[in-house]
Amino acid sequence: LALLMDRIGHDLTVRVLPTLYDGRTRYARETLGEIRELFKDQCFDSVIRLNVKLREAAQHGQPICTFAPRANGAVDYAALALEVAAVYECSLRALEPRG
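Thresholds, definitions, all that
- Residue indices begin from 1 for each chain and proceed along its sequence in written order.
- Only residues with pLDDT of at least 70 get local features here, since the model is predicted, and only at 80 or more are side-chain atom pairs given and counted; chain-wide, interface and lining totals rely on the full set of residues.
- Side-chain numbers come from the whole structure's heavy atoms, not from hydrogens or water.
- Patch definition: residues above 30% relative accessible area lacking any salt bridge, with like charges linked at up to 9 Å and the nonpolar side chains Val, Leu, Ile, Met, Phe, Trp and Tyr linked at up to 5 Å.
- Here the open area of atoms and residues is found with the Shrake-Rupley method and a 1.4 Å probe, where only the protein chains shown may cover a residue.
- One speaks of a salt bridge when a side-chain nitrogen belonging to Lys or Arg is within 4 Å of a carboxyl oxygen belonging to Asp or Glu.
- Labels follow the DSSP assignment, with helices taken as runs of H or I lasting at least four residues and strands as runs of E lasting at least two, numbered in each case from the N terminus.
- Relative accessibility decides the category of a residue: with a 1.4 Å probe and only protein chains considered, values under 20% of the type maximum give buried, values over 50% give exposed, and everything between is partly exposed.
- Residues are treated as being in contact if the distance between any of their heavy atoms lies within 4.5 Å.
- Throughout this description, the term nonpolar core refers to a set of buried Ala, Val, Leu, Ile, Met, Phe, Trp, Tyr and Cys residues connected via side-chain atoms within 4.5 Å.
- For this analysis, a ring pair means two rings from Phe, Tyr or Trp (six-membered ring only for Trp) whose centres lie within 6.5 Å, classed as stacked if their planes differ by under 30 degrees, edge-to-face if by over 60, and tilted for the remaining angles.
- By definition, being over a ring means that NZ of Lys or CZ of Arg is both within 6 Å of the ring centre and within 35 degrees of the ring normal.

Moving on: a nonpolar patch on the surface. Taken together, the side chains of L1, L4, I8, L12 and V14 present a nonpolar region at the surface, about 410 Å² in accessible area. The residue I8 is located in helix α1 (residues 2-8) in this model. Look at I8 and you get partly exposed, because its relative accessible area is 40%.

This is the structure:
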């Protein structure tokens, strides 16, 4: 990341998105906890759960929100979109001139 930032000439904001999450297993729950502990604020609150509909949508060349809008994958990516939009909105507010 440092090399990339040096080459492009500005800082990057990096976030971690846990994917392929299967909350039914203790291993997955523990691993998610470790990821959150290690990356803290760099980790999205959103998690993309393991979902066969995501694979089927990709196989059919369709976005998950069109292919299976009520599937866990669609719900998870919608939550991520809202989270990203909220972060972006906060960032824009921080850049506004104060007067």
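Turning next to the environment of A74. Within the element layout of this structure, A74 appears in helix α5 (residues 72-95). Between the C-alpha atom of A74 and that of I48, which follows or precedes it by 26 residues, the distance is 9.1 Å. Look past the residues within four positions of A74 in its chain and what remains in contact with it is I64, C65, A68 and P69.

Core analysis: the largest hydrophobic core is formed by 5 residues, namely A57, I64, A68, A71 and A74. Discounting residues that sit within four places of it in the chain, A57 has contacts with Q62, P63, I64 and F67.

The tally for this structure, following the rule as stated, stands at 0 aromatic pairs. Residue placement shows R15 over the ring face of F44; its charged tip is 4.3 Å from the ring centre.

Attention now goes to the environment of V14. Tracing the chain through its elements places V14 in the loop between α1 and α2 (26-39). Separated by 29 residues in the primary sequence, V14 and C43 have C-alpha atoms spaced 8.9 Å apart. Discounting residues that sit within four places of it in the chain, V14 has contacts with L1 and Q42.

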